[in-house]
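An overview of the molecular structure
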Amino acid sequence: MNIRMTGLALAVVTAALLPIAASAGPARVPGPEARFVPEHDKWVERPGILAEIDAGASPWRGRTSERCGPELTSPDGVEAQTCVLAEGGDAWARTYYRNATGERLSAVLSLMGPGGRTVQTHCVVEADDEPGACETPREKAEAEVDAYAAVAEFARSGDLGEGPLLLRSGSNSPAVTGG
């Protein structure tokens with residue numbers, strides 16, 4: 001085969017494929033919360049229990065800032081991820097959870113802010129193995145979202161309302177260590 005003919009064929013193929021490649025749009029860069037899920041061969045922004053809460057139906061869609069800790073799972077079957085949120089001069093805490101223990105649990109969600117200021121909310125966590133969320137009331141923010149921390153504690157419901165602690169989830173991100 002002639003080298004000129006091969007070059008011409010290559011130029012025609014490239015010219016035909018270039019518009020198709022350009023129409024795909026820019027490559028999407030995953031955000032800081034994203035994790036690669038090998039089973040699906042793609043990046044997932046809010047994996048686990050967060051991905052199962054329908055963002056389109058969520059009343060919390062308009063948030064401007066969110067800082068979440070890692071998603072944790074207890075050996076007893078409680079999954080949780082706790083976040084600090086800020087929007088329009090307000091700050092509050094939210095924990096996303098799933099209770100697969102088969103028992104109704106109680107949870108205490110605390111938002112700790114500058115100057116020792118703390119807001120707590122008590123939540124009932126039903127034993128239905130469905131994803132859910134609990135949040136503190138919104139408070140006027142005294143500082144940036146990084147100045148706040150949130151902790152959710154999940155426990156069995158005892159006779160006095162306090163049972164053994166099953167899981168503690170915080171809004172702090174895990175420390176990155178070099179390997």
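From a predicted model like this one, the values you see are computed outputs, not experimental measurements.

Cut-offs and rules
- Residues numbered from 1 in each chain as written.
- Predicted model: local features only at pLDDT ≥ 70, side-chain atom pairs only at ≥ 80, totals over all residues.
- Heavy atoms only, no water.
- Buried < 20%, exposed > 50% of the residue type's maximum accessible area, 1.4 Å probe, protein only.
- Helix = DSSP H or I, 4+ residues; strand = E, 2+ residues; numbered from the N terminus.
- Pairing = 2+ DSSP bridges.
- Core = buried A, V, L, I, M, F, W, Y, C linked by side-chain atoms within 4.5 Å.
- Contact = heavy atoms within 4.5 Å.
- Disulfide = S-S within 2.5 Å.
- Axes fitted to C-alpha atoms, helices over the stretch in contact; angles between N-to-C directions.

1. Here's the deal with the pairing of strand 5 (residues 78–87)
Taken across its 10 residues, strand 5 has 9 buried, putting it largely inside the fold. Here strand 3 (residues 65–68) runs beside strand 5; their pairing, made up of 4 bridges, is antiparallel. Among the inter-strand pairings, Glu-66 is bridged to a residue of strand 5, identified as Leu-85. Inspection of the sheet shows strand 4 (residues 72–73) paired to strand 5 by 2 bridges, in the antiparallel sense. When the sheet's bridge partners are listed, Thr-73 is paired in strand 5 with Glu-79. The turn joining strand 4 and strand 5, which pair antiparallel and follow one another in sequence, is formed by 4 residues; a positive phi near 110 degrees is taken by Gly-77. In this sheet, strand 6 (residues 90–99) lies alongside strand 5 in antiparallel orientation, the contact comprising 10 bridges. Looking at strand 6, one finds that Gln-81 is bridged to Tyr-96. If you look at the hairpin formed by strand 5 and strand 6, you'll find 2 residues sitting between the two strands, and Gly-88 has a positive phi there, around 50 degrees.

2. A look at the nonpolar core
What tends to happen in soluble globular proteins is that the nonpolar side chains get buried as a cluster. Membership of the largest hydrophobic core comes to 23 residues, with the highest contact counts inside it found for Val-78, Val-84, Tyr-97, Leu-111, Val-125, Tyr-148 and Phe-154. Elements represented by at least two residues in this core include exactly strand 5, strand 6, strand 7 (105–112), strand 8 (118–125), strand 11 (149–156) and strand 12 (165–170). Contact partners of Phe-154, with chain neighbours within four places excluded, come to Val-78, Ala-80, Thr-95, Tyr-97, Ser-106, Ala-107, Val-125, Pro-164, Leu-165, Leu-166 and Leu-167. Listed in part, the 5 residues of the second largest apolar core include Cys-68, Leu-85, Trp-92 and Tyr-96.

3. Let's talk about the state of the cysteines
By the definition in use, this model includes 2 disulfides. Shown here is the disulfide that connects Cys-123 with Cys-134, its sulfur atoms set 1.6 Å apart. Of this pair, Cys-123 sits in strand 8 while Cys-134 sits in strand 9 (residues 132–135); the two residues are 11 residues apart in sequence, bridging distant segments of the chain. Take Cys-123 and Cys-134: they sit in the same class, and that class is buried. When the cysteines engaged in disulfides are numbered in sequence order, the protein pairs them as 1-2, 3-4.

4. Notes on the sheet that holds strand 11
With antiparallel pairing, the 4 strands of this open sheet are ordered in space as 8-7-11-12. Edge positions in the sheet fall to strand 8 and strand 12, since each of these pairs with one other strand and no more. Here the average twist between neighbouring strands, direction ignored, is 15 degrees. Judged from the 8 bridges that link them, strand 7 and strand 11 form a sheet pairing that is antiparallel. The partner of Met-112 across the bridge, within strand 11, is Ala-149.

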